Structure formats: structure tokens, C-alpha cells
Amino acid sequence: MKSFFHVEDIGNLDVALKEAFEVKKTPFAWKHLGENKTIMLVFFNSSLRTRLSSQKAAINLGMTPIVLNIGQDSWKLETEMGVVMDGDKSEHLLEAIPVMTNYCDIIGIRSFAGLIDHEYDYNETILRQFVEYGGKPVISLESATVHPCQAFADLITIEEYRKKQRPKVVLTWAPHTKALPQAVPNSFAEWMNAADVDFVITHPEGYELDPRFAGNAHIEYDQMEALRGADFVYAKNWSCPGTTDHSQYGKILSKDMGWTIDAQHMAATNNAYFMHCLPVRRNMIVADEVIDSPRSLVIPEAANRVVSIQVVMKRMLEELQ
Ligand code: AN0
Ligand code: CP
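Calculation notes
Residues numbered from 1 in each chain as written. Chains lettered and ligands numbered in written order. Predicted model: local features only at pLDDT ≥ 70, side-chain atom pairs only at ≥ 80, totals over all residues. Heavy atoms only, no water. Patch = residues over 30% accessible without salt bridge, like charges linked within 9 Å, V, L, I, M, F, W, Y side chains within 5 Å. Areas by Shrake-Rupley, 256 points an atom, 1.4 Å probe, with all protein chains shown as cover. Salt bridge = Lys/Arg side-chain N within 4 Å of Asp/Glu carboxyl O. Helix = DSSP H or I, 4+ residues; strand = E, 2+ residues; numbered from the N terminus. Near = heavy atom within 4 Å. Polar contact = N/O pair within 3.5 Å; in protein donor to acceptor, adjacent residues only side chain to side chain. Nonpolar A, V, L, I, M, F, W, Y, C, P; charged D, E, K, R; others polar. Domains from an automatic or database assignment. Pairing = 2+ DSSP bridges. Buried < 20%, exposed > 50% of the residue type's maximum accessible area, 1.4 Å probe, protein only. Contact = heavy atoms within 4.5 Å. Buried area = accessible area lost by both parts, 1.4 Å probe.

Caption draft 1: Seen up close, a nonpolar patch on the surface. A cluster of nonpolar side chains, contributed by M81, L94 and Y133, occupies part of the molecular surface with about 250 Å² of accessible area. Tracing the chain through its elements places L94 in helix α3 (residues 93–102).

Caption draft 2: Structural view of the site of ligand 2. Around ligand 2, a shell composed of S47, L48, R49, T50, R110, H147, Q150, C277, L278 and R305 is seen. One of the backbone nitrogen or oxygen atoms of C277 is found 3.0 Å away from a nitrogen atom of ligand 2. At a separation of 3.0 Å, an oxygen atom of ligand 2 approaches a polar side-chain atom of R305. Protein burial of ligand 2: of its 250 Å² of free accessible surface, 93% is covered by the chains. For the shell around ligand 2, a count of residues per class yields three nonpolar, four polar and three charged. Both domains that furnish three or more residues to the shell around ligand 2 are identified here as domain 1 (3–146 + 305–320) and domain 2 (150–301).

Caption draft 3: Region of interest: the sheet that holds strand β12 (residues 273–275). Strands sit in the order β10-β9-β8-β11-β12 across an open sheet of five strands; the sheet is parallel. A single partner strand is all that each edge strand has here, and the edge strands are β10 (218–219) and β12. Both strand β11 (residues 232–236) and β12 contribute to a ladder of three bridges, which runs parallel. Among the inter-strand pairings, V233 is bridged to a residue of β12, identified as F274.

Caption draft 4: Seen up close, the pattern of salt bridges. Taken as a whole and assessed by the stated rule, the structure comprises 13 salt bridges. Note that D88 is salt-bridged to K76, the shortest N-O span being 3.2 Å. With D88 in the loop between β4 (77–78) and β5 (91–92) and K76 in the loop between β3 (64–69) and β4, the pair connects residues that are twelve residues apart, well separated along the chain. In this structure K76 comes out as partly exposed when scored by relative accessible area, which is 39%.

Caption draft 5: Local environment of the domain arrangement of the protein. In terms of domains, the protein is made up of domain 1 (3–146 + 305–320) and domain 2 (150–301). The straight-line distance from the C-alpha centre of domain 1 to that of domain 2 is 25 Å. Listed by partner, the interface residues are 30 residues for domain 1 and 32 residues for domain 2. Approximately 2,500 Å² of surface area, both sides summed, lies buried where domain 1 meets domain 2, with 66% of it carried by carbon and sulfur atoms. Of all residues in domain 1, the largest losses of buried area upon contact with domain 2 belong to L115, H118 and Y122, amounting jointly to 29% of the total for that side. Where domain 1 touches domain 2, the interface holds one salt bridge.

Caption draft 6: View of the site of ligand 1. Neighbouring ligand 1 are F112, E142, H147, L180, P181, K236, C277 and L278. For ligand 1, an oxygen atom lies 2.7 Å from a polar atom in the side chain of E142. K236 is positioned such that a nitrogen or oxygen atom in its side chain is 2.7 Å from an oxygen atom of ligand 1. Taken by itself ligand 1 offers 330 Å² of open surface, and the protein chains cover 85% of this. Looking at the shell around ligand 1 residue by residue, the classes come out as five nonpolar, one polar and two charged.

Caption draft 7: Summary view of the environment of I116. Mapped onto the elements of the fold, I116 is located in the loop between β6 (106–110) and α4 (118–122). On the basis of relative accessible area, I116 is assigned to the exposed category, the value being 75%. Taking the C-alpha atoms as reference, I116 lies 9.0 Å from K251; in sequence the two are 135 residues apart. If near-sequence neighbours (up to four positions away) are discounted, I116 is found in contact with D121 and Y249.

Take a look at the structure:
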């Protein structure tokens, strides 16, 4: 695996899930793979789960993680091409990338969408430079349009808790005070479309995800209708993807608190499990009564973040042997 951005990068999902459960059962069985190997984890943005789960997974595999927080520990990096660097950015990505990749065998990068320029974000302009100029395997730790480690962990969680062969999984938009990226819903949709589930997306009009990710998923604008009979409810806020009108990209079109997942919403489901990638704003995205209920999977879901990224690192290390 040269890079990990999309569901295709992991290959057959049944094989990947089987491997995930082996990794979960015996996390230290591949400790030899990481001997004398280093992973660089570069964060342009905040993180709790991703930074900790990726360090833990690397340690489980016998690999040494180095974490760099851009702009705090490092120089501020210029990411635009051809600019006169007379501002507060001391170093350009063009030098920083090959320097960083010289010090490691695998590199993971967190770089959120700027939510200003649709084309810049949807071309994955920053991560593509790491692929192009770094020459080392690249893992997206949430980049402009995708969060594959999260979506893989979500799939593992659904596989663990499903009671039927083909569960109904509903991705629902929920309100938030800030404009958030589409990376989590994009990847979740991409992975659910590839999995054996009955997948429905619900959101207010204007929040249509890019068709590259939404695929053939059923879109239902009536949230209560979408939730009817659901086995898993996956809540997430995202800002306007600007799919048909790029001028709307990154805007907040609704703060409708009627979309917050509360007990009344869950009553429409088939006693569904509640999922969210975290961090979550309580009583905006989800009511306390739901996230605190025994049907909430947010903690096991976060625990599976170690498993998903460990499978990815393991496969990359196997190719480096
Ligand atoms: C980020 C997002 O929505 O993409 C990270 C989620 C894993 N969330 C926030 O910034 C709150
Ligand atoms: N779910 C997730 O990626 O969490 P962090 O932003 O804390 O890493």
C-alpha cells in the first residue's frame, strides 16, 4: 500500500476485516515488522484520538513514532506555490516534505480542509505534495476530503455489533456552531457504499456530498423517515460541500436543532446503536440521554481507531521488509 486515502487502498473488505480482528486479538504479534522503522506523524490541526491511536499502533508494531505539531514545534509552513514569503511562514512545504520523509519510513499527515477554495481542497493539494515530493508511504490522518482511518474503524465497529447480515446504516447530518469539513462523512459514505449494508444519508437540502463519495447511496431529506428501522445511526455535522455551487462551499446553511439526535429520534429506529467519530458537542449533535445510553458505541468506536491504523501500518511495513 503506497498510500491510504480511499477504501480501494485496503483491497477486499472481508479480508481487511478478518485481519483487523486478528490484530485486535493479538496486537503484539507483528512486533518484529517495525524494528528499526520510524513513522512520522505530522499534525497541522488538533487531535486527540488520531495522534494517540497512531502512536499506540506504531508501538504495538515495534515501530518508533515521531510526532510533529506544525506551527507549534516547527516553523510555520508556507503551502502556496510561487508566493513571496514575506509573511509569518518561515519555511516552504517544498523543502519541509523531503526533509521530514528523509527521517522516516512511513508518514501520516493531518491537514484539514481550509473550506475556502473547493478546488484546492477537493484536489487534496497538500497531501498530494507529500505523495509527490516525499517518496514514502503516506497515510491520511484526516486530510481535506477524507478520514479513512476513522471510516475503517467505523466499519470494524459495525461488523462487531451487527445482528443481521445487511444492517440499515443511516448517516445523519446534525447541527454545529462551527463550519466543519466533509472528510468524515465523505469517507464514511465511501466505505459504507463498499460494505454489505443498506446505506441511507439524510441531511437538510444543500448539504449533498460529492457524488464521488455519496455514490448510489439513498438520500432521504426527511430525517425521521430516514431513521425508520435503522440498526446504526451515525451522526456528524458537515458544512456545505458546494457540490453543485462552489460559491457555497464551507458555508453553514442550517443550525436546525430539530436535527439533534435525541431519544425521540432514536425511537423511530430498530433500537439502533448510536455512533459518532468524536469529538462531539453534547446537546448539539446528540442529546445526553442518547450518548450516555447503553446503545452508544462512541467509546468502542474510538478504541477501534488503534486497530484500523495498525492494519494499515502493518501492511505498509510488510511491503517495506
Ligand atoms: C473535525 C471534523 O469535523 O472534521 C475532526 C473530526 C474527527 N471535527 C472538529 O473540528 C470538531
Ligand atoms: N475522530 C478523530 O479523528 O478524533 P481526533 O480529531 O481527536 O483525532
